[in-house]
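Summary of structural features
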Amino acid sequence: MRYLTAGESHGPRLTAIIEGVPAGLSLTAAAINKDLKRRQGGYGRGARMQIETDQVDITSGVRHGKTTGAPITLHVMNKDHQKWLDIMAVEDIEAHLKSKRRIKHPRPGHADLVGGIKYRFEDLRNSLERSSARETAIRVAIGAVAKCLLAELGIETAHHVVVFGGKEIAIPNGLTVEEIRSRASESELSIVTPEREKEIKDYIDQVKRDGDTIGGVVETIVCGVPVGLGSYVHWDRKLDAKLAQAVVSINAFKGVEFGLGFQAGYRKGSQVMDEITWSKETGYRRLSNNLGGFEGGMTNGEPIIVRGVMKPIPTLYKPLMSVDIDNHEPYKATVERSDPTALPAAGLVMEAVVATVLATEIIEKFSADNMEELKEAVAQHRTFVKEF
Ligand code: EPS
């Protein structure tokens with residue numbers, strides 16, 4: 001399974017073409033729209049989300065509710081485009097209109113300046129438009145397709161926020177993935193501890209009043225993953241490495257860890273490795289899951305626990321210092337509409353990209369043209385693993 005996304009933040013629409021999904025997968029726009037709606041929500045989102053009503057339009061690869069095996073095309077409209085018709089026009093326009101929303105004071109931390117240097121733009125809006133986190137809408141749509149495929153194979157994903165602008169969310173002991181998913185989905189902050197909501201919302205309000213932004217850490221959990229996805233043989237087929245690449249590819253994500261992650265650097269081996277056990281009912285299990293479901297770049301059957309860190313959004317209402325690209329004089333960075341935080345949405349985006357990598361890996365390992373064929377192959381593998 002592979003995909004390409006296209007589209008600018010204020011262009012007419014976002015588009016994705018996904019190739020390699022087997023025939024016979026049940027897929028509806030409603031399943032994708034549920035996630036698109038959730039991505040738009042969350043406490044701390046800015047004015048743009050009031051304008052948009054993200055809904056997918058599926059224009060190929062699905063017929064009568066089932067995938068056909070042909071490339072699937074997804075579109076999400078940008079309602080805001082109507083106000084940007086001349087600024088985002090495909091045809092050339094008059095010079096005075098061109099300069100209307102020209103960006104020449106790049107925002108520190110955004111792609112504006114380096115993108116402009118790389119592609120030799122006079123107007124840094126060209127970088128801004130494509131590097132905008134608006135692109136995550138279409139990645140969530142792609143991830144929703146992947147999640148439908150995983151669900152048919154009994155693989156469940158969930159996400160929640162574990163650090164909000166430096167405030168750690170202690171996860172109550174013994175929560176099941178189902179409980180994590182339902183608590184996070186009921187929370188405007190995507191956290192599992194409702195008693196922290198007020199404190200964190202107040203903090204976001206304060207950050208907003210200060211013209212500032214916050215990031216944090218989000219976690220994705222995946223249960224029911226077949227054993228042995230990935231590779232210990234090939235550096236570029238290690239599945240944890242592929243997931244790390246995908247997570248850091250999300251706008252504003254700066255790092256990834258699995259299980260204990262960087263904490264492993266502070267512990268002895270005996271406090272890190274997950275001891276192996278076996279029973280007739282479950283086959284091999286680990287007594288703990290410090291390694292987050294991976295050994296040697298391969299899934300070991302324990303839940304995948306992957307965390308990503310999102311830096312604060314670089315577009316600040318209280319702008320930082322920058323330089324005018326025409327005269328090289330110091331200037332305050334351009335103030336664009338922004339959100340104080342998009343962390344709850346980022347959690348869903350991360351779950352989507354993780355699901356997409358896993359679906360891709362499963363299709364590759366159990367190559368099948370049709371979902372029934374794929375289900376049989378996965379079931380056969382699970383039986384083999386249990387009896388090993
Ligand atoms: C973004 C700036 C804002 C955000 C946007 C990402 O958009 P605008 O400039 O239109 O106000 O709202 O995020 C989305 C549009 C979205 O769908 O998540 C940026 O510059 O990265």
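Bear in mind that the values here come from a model prediction, so they are computed numbers and not experimental data.

Focus on the sheet that holds strand β2 (residues 13–19)
Strands sit in the order β1-β2-β6-β3 across an open sheet of four strands; the sheet is antiparallel. The sheet is open, and its two borders are formed by β1 (2–6) and β3 (56–60), each paired with just one other strand. Taking each pair of neighbouring strands and ignoring which way they run, the sheet shows an average axis angle of 20°. Relative to strand β6 (residues 72–77), β2 runs antiparallel, the two being bridged by six bridges. Bridged to Ala16 within β6 is Leu74. Packing of helix α6 (residues 136–152) onto the sheet brings it into contact with β1, β2 and β6, and relative to β2 it is tilted by some 30°.

Quick notes on the UniProt feature "binding site: NADP(+)" (unreviewed entry) in the protein chain
The sites that carry the UniProt feature "binding site: NADP(+)" (unreviewed entry) are, in the present numbering, Arg39 and Arg45. Looking at the secondary structure, you find Arg39 in helix α1 (residues 29–40). On the basis of relative accessible area, Arg39 is assigned to the buried category, the value being 3%. Ignoring sequence-local partners within four residues, the contact set of Arg39 consists of Arg45, Met49, Asp54, Ala133, Arg134, Thr136, Ala137, Val140, Ala345, Leu348 and Val349. Here Arg45 is to be found in the loop between α1 and α2 (48–51). Of the polar contacts made by the side chain of Arg45, one reaches the backbone oxygen of Arg39; its length is 3.4 Å.

A short note on the sheet that holds strand β10 (residues 253–258)
Taken together, the five strands give an open sheet; going across it, the order is β8-β7-β9-β15-β10, and neighbouring strands pair in antiparallel fashion. Where the open sheet ends on each side, the last strands, each with one partner, are β8 (167–168) and β10. The sheet contact formed by strand β9 (residues 216–223) and strand β15 (residues 304–310) spans seven bridges and is antiparallel. In the sheet register, Thr220 faces β15, and the bridge partner there is Val306.

Focus: the environment of Val162
With respect to the element layout, Val162 can be found in strand β7 (residues 156–164). Along the sequence, Val162 and Met321 sit 159 residues apart, while their C-alpha atoms lie 31 Å from each other. If we skip the residues at most four places from it in the chain, Val162 touches Lys167, Glu168, Ile169, Ile171, Val217, Val218, Glu219 and Arg307.

Section: the site of the ligand
In the region of the ligand, the neighbouring residues are His10, Arg39, Arg45, Arg48, Met49, Arg107, His110, Ser132, Ala133, Arg134, Arg337 and Asp339. Interatomic distance of 3.0 Å between a backbone N/O atom of Ala133 and an oxygen atom of the ligand. Between the ligand and Arg337, the relevant distance is 2.6 Å, taken from an oxygen atom to a side-chain nitrogen or oxygen of the residue. For the ligand, the accessible surface in isolation is 470 Å², of which the surrounding protein chains cover 93%. Residue composition of the shell around the ligand, grouped by class: two nonpolar, three polar and seven charged.

Let's talk about unusual backbone geometry
Trans peptide bonds make up the majority, and among non-glycine residues the majority have a negative phi. Here His64, not a glycine, exhibits a phi torsion of approximately 50°, which is positive. Tracing the backbone shows His64 in the loop between β4 (62–63) and β5 (66–67). The phi angle at Ala252 is positive, at roughly 75°, despite the residue not being glycine.

Topic: the pairing of β7
Among the nine residues that make up β7, eight are buried, leaving the element largely enclosed by the rest of the structure. Bridge count between β7 and β9: eight bridges; the pairing is antiparallel. What sits directly across from His159, in β9, is Thr220. Across two bridges, β7 lies against β8 in antiparallel orientation. When the bridges of β8 are listed, Phe164 appears paired with Lys167. Hairpin connection of β7 to β8: two residues between the antiparallel strands, including Gly165 at a positive phi of 50°.

Calculation notes
- Residues numbered from 1 in each chain as written.
- Predicted model: local features only at pLDDT ≥ 70, side-chain atom pairs only at ≥ 80, totals over all residues.
- Heavy atoms only, no water.
- Pairing = 2+ DSSP bridges.
- Helix = DSSP H or I, 4+ residues; strand = E, 2+ residues; numbered from the N terminus.
- Axes fitted to C-alpha atoms, helices over the stretch in contact; angles between N-to-C directions.
- Contact = heavy atoms within 4.5 Å.
- UniProt positions renumbered as here; feature names shortened; annotations may be inferred.
- Buried < 20%, exposed > 50% of the residue type's maximum accessible area, 1.4 Å probe, protein only.
- Polar contact = N/O pair within 3.5 Å; in protein donor to acceptor, adjacent residues only side chain to side chain.
- Near = heavy atom within 4 Å.
- Areas by Shrake-Rupley, 256 points an atom, 1.4 Å probe, with all protein chains shown as cover.
- Nonpolar A, V, L, I, M, F, W, Y, C, P; charged D, E, K, R; others polar.

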